[in-house]
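What follows is the residue order along each chain.
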Amino acid sequence: MNADNKSEKHSSRVEQDAPTFSIGELSKHFDVTPRSIRFYEEQGLLSPQRAGQTRIYSKKDKVRLKLILRGKRLGFSLAETRTLFNLYDSHQNSKIQLQAMLEMTTEKRAILIQQLEDINVLMIELDEVESRCKDELEQLNKG
């Protein structure tokens, strides 16, 4: 049996077991570049099977990519996302994972509240500078 036949048999076996996706399909579905998906794979967050040079992503990989992107939108680092994945993989008990997620969410919320307060202070300072500039321009225009 040559390598092509082995690859075809492996590929068809994978397809029969569960739905699979190509990197292009995931890329289009989530509106991300294939390069981003490969980066997440390099970071150990995705682990597609291979058929020769072709990556074959499982439903688990698709769900993980969705969670990676959601975490990114919420401001979670890839390291934080990896921690959650590792907890899930090692403890299928959702209580441990939920407690970790709750702690991370609480920390993220505290950081965002502080950033919001910092932005509000900056906005007040910008308003003051803008007002002074307008006043000075008005004085200069009067002569």
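Sequence order as written defines the numbering, with residues in each chain counted from 1. Given that the model is predicted, a residue must reach a pLDDT of at least 70 before its local features are reported, and side-chain atom pairs must reach 80 or more before they are shown or counted; all residues, however, enter totals for whole chains, interfaces and linings. The side-chain numbers reported here are obtained from all heavy atoms of the structure, hydrogens and water having been left aside.

> I would appreciate a short explanation of the sheet that holds strand 1 (residues 20–21) in the present structure.
Strand pairing in a sheet relies on backbone hydrogen bonds, with the paired strands running either antiparallel or parallel. A pair of strands is considered paired only if DSSP assigns at least 2 bridges between the two. The helix count covers DSSP runs of H or I at least four residues long, the strand count covers runs of E at least two residues long, and both are numbered beginning at the N terminus. Ordered in space as 1-3-2, the three strands form an open sheet in which the pairing is antiparallel. Two strands close off the open sheet at either side, each with one partner strand: strand 1 and strand 2 (49–51). Bridging between strand 2 and strand 3 (residues 54–58) involves three bridges; their strand directions are antiparallel. Residue pairing across strands places Ala 51 opposite Thr 54, the latter belonging to strand 3.

> Help me understand the nonpolar core, please; the structure alone is not making it clear to me.
Counting 14 residues, the largest nonpolar core has Leu 26, Ile 37, Tyr 40, Leu 46, Tyr 57 and Leu 65 as its most contacted members. Residues contacting Leu 26, with those up to four places away along its chain left out, are Phe 21, Ile 37, Tyr 57, Lys 62 and Leu 65. We define a nonpolar core as any set of buried Ala, Val, Leu, Ile, Met, Phe, Trp, Tyr and Cys residues linked to one another through side-chain atoms lying within 4.5 Å. When accessible area is computed with a 1.4 Å probe and restricted to protein chains, residues below 20% of their type maximum are described as buried, those above 50% as exposed, and intermediate ones as partly exposed. Counting five residues, the second-largest nonpolar core is a separate cluster that includes Phe 76, Leu 84, Leu 87 and Met 104. Any two residues whose heavy atoms approach within 4.5 Å at even a single point are treated as in contact.

> For this particular structure, what's the right way to read the environment of Lys 59?
Take Lys 59: it is sitting in helix 4 (residues 59–73). Of the residues examined, Lys 59 reaches a relative accessible area of 53% and is grouped as exposed. Counting along the chain gives 40 residues from Lys 59 to Pro 19, while the straight-line C-alpha distance between them is 6.3 Å. Apart from the residues within four sequence positions on either side, Lys 59 is in contact with Pro 19 and Phe 21.

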